[in-house]
Amino acid sequence: MDSVVCHEIIKEEVKTKLIEFMEQNNIKYNLFECCGCEKFCISLCNEDNTCEKYCCNSAMIVQTCSKDICKVYPHEILYIAIENRKSVLYLTHGRVETNHRFEHWKDILDLKTFAQPHHSFIVNLNYVDEITREFVKVKYGNQEHSVYTSSRKIGAFKKAFLKLCEQ
């Protein structure tokens, strides 16, 4: 058996056991693959629907426009937009403005998880709820965002989304 196939089988077994454990113990959780490596990330939700995120060390150190430093995990990014010549990261827990060029984000984010439906947006495919010719609906909890699409980029975006869904 090839080592890649073996690795995938082990990964699925770990995922299955983790899901079984969470459901048997009635634990609210969100499980997803890390955007920075092969590991799983988990978000455990409390009774008041606040969530604690546990992930590997794939965090990115980001300097905000106000020169503050923060840590951002790729799985926390809903989408990135260009607004007023700044990159704005829309996160599961807020929004961060950075002076990083848009190309910076395209270079460092995993292309299996992130794709561009428009030249001004990069979307985390894990949060896509709906795709139309005019927009992509990005949804997390009670947050809902509409991101524009362009006719030149929507075909490749749909392919990337379908490829992620097949995995």
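Residues numbered from 1 in each chain as written. Predicted model: local features only at pLDDT ≥ 70, side-chain atom pairs only at ≥ 80, totals over all residues. Heavy atoms only, no water.

In space, the five strands of this open sheet follow the order 8-7-6-10-9, with antiparallel pairing throughout. In this open sheet, the two edge strands, each paired with only one partner strand, are strand 8 (94-98) and strand 9 (114-118). Mean inter-strand twist for the sheet, computed between neighbouring axes without regard to direction, equals 25°. Where strand 9 lies against strand 10 (residues 121-124), three bridges are found, and the strand directions are antiparallel. Within the sheet, the bridge partner assigned to Phe-114 lies in strand 10 and is Asn-124. Packing against the sheet, helix 3 (residues 154-166) makes contact with strand 9 and strand 10, and its axis sits at approximately 150° to strand 9. (Pairing = 2+ DSSP bridges. Helix = DSSP H or I, 4+ residues; strand = E, 2+ residues; numbered from the N terminus. Axes fitted to C-alpha atoms, helices over the stretch in contact; angles between N-to-C directions. Contact = heavy atoms within 4.5 Å.)

Moving on to the pairing of strand 8. As defined by bridge partners, strand 7 (residues 86-91) adjoins strand 8 across five bridges and the pair is classed as antiparallel. Looking across to strand 8, one finds that Leu-91 is bridged to Gly-94.

A full pass over the atoms with the stated rule returns four aromatic pairs. Measuring from centroid to centroid gives 6.5 Å for Phe-121 and Tyr-148, while their planes differ by 55°, and the two rings are tilted. Residue Phe-121 is found in strand 10, and its partner Tyr-148 is found in strand 13 (residues 143-148); the two are separated by 27 residues along the sequence. Residue Tyr-148 is classed as exposed on the basis of its relative accessible area, which comes to 58%. When the ring of Tyr-127 is compared with that of Tyr-140, the centres are 5.6 Å apart and the planes differ by 85°; the resulting orientation is edge-to-face. Placement of Tyr-127 in the loop between strand 10 and strand 11 (128-131) and of Tyr-140 in strand 12 (residues 135-140) is noted, with a sequence separation of 13 residues between them. In this structure an aromatic cluster arises from ring pairing among Tyr-79, Tyr-90, Phe-121 and Tyr-148. (Phe/Tyr/Trp six-rings, centres within 6.5 Å; stacked < 30°, edge-to-face > 60°. Buried < 20%, exposed > 50% of the residue type's maximum accessible area, 1.4 Å probe, protein only.)

This part covers the sheet that holds strand 13. Each strand in a sheet pairs with another by means of backbone hydrogen bonds, the pair being arranged parallel or else antiparallel. If you walk across this open sheet you meet the three strands as 11-12-13, and the pairing is antiparallel. Each edge of the sheet is formed by a strand with only one pairing partner; in this case those strands are strand 11 and strand 13. With direction set aside, neighbouring strand axes in the sheet form an average angle of 20°. Direction of pairing for strand 11 relative to strand 12: antiparallel, over a ladder of three bridges. Paired with Ile-131 across the strands is Val-136, a residue of strand 12. Helix 3 contacts strand 11 and strand 12 of the sheet and is inclined by roughly 135° relative to strand 11.

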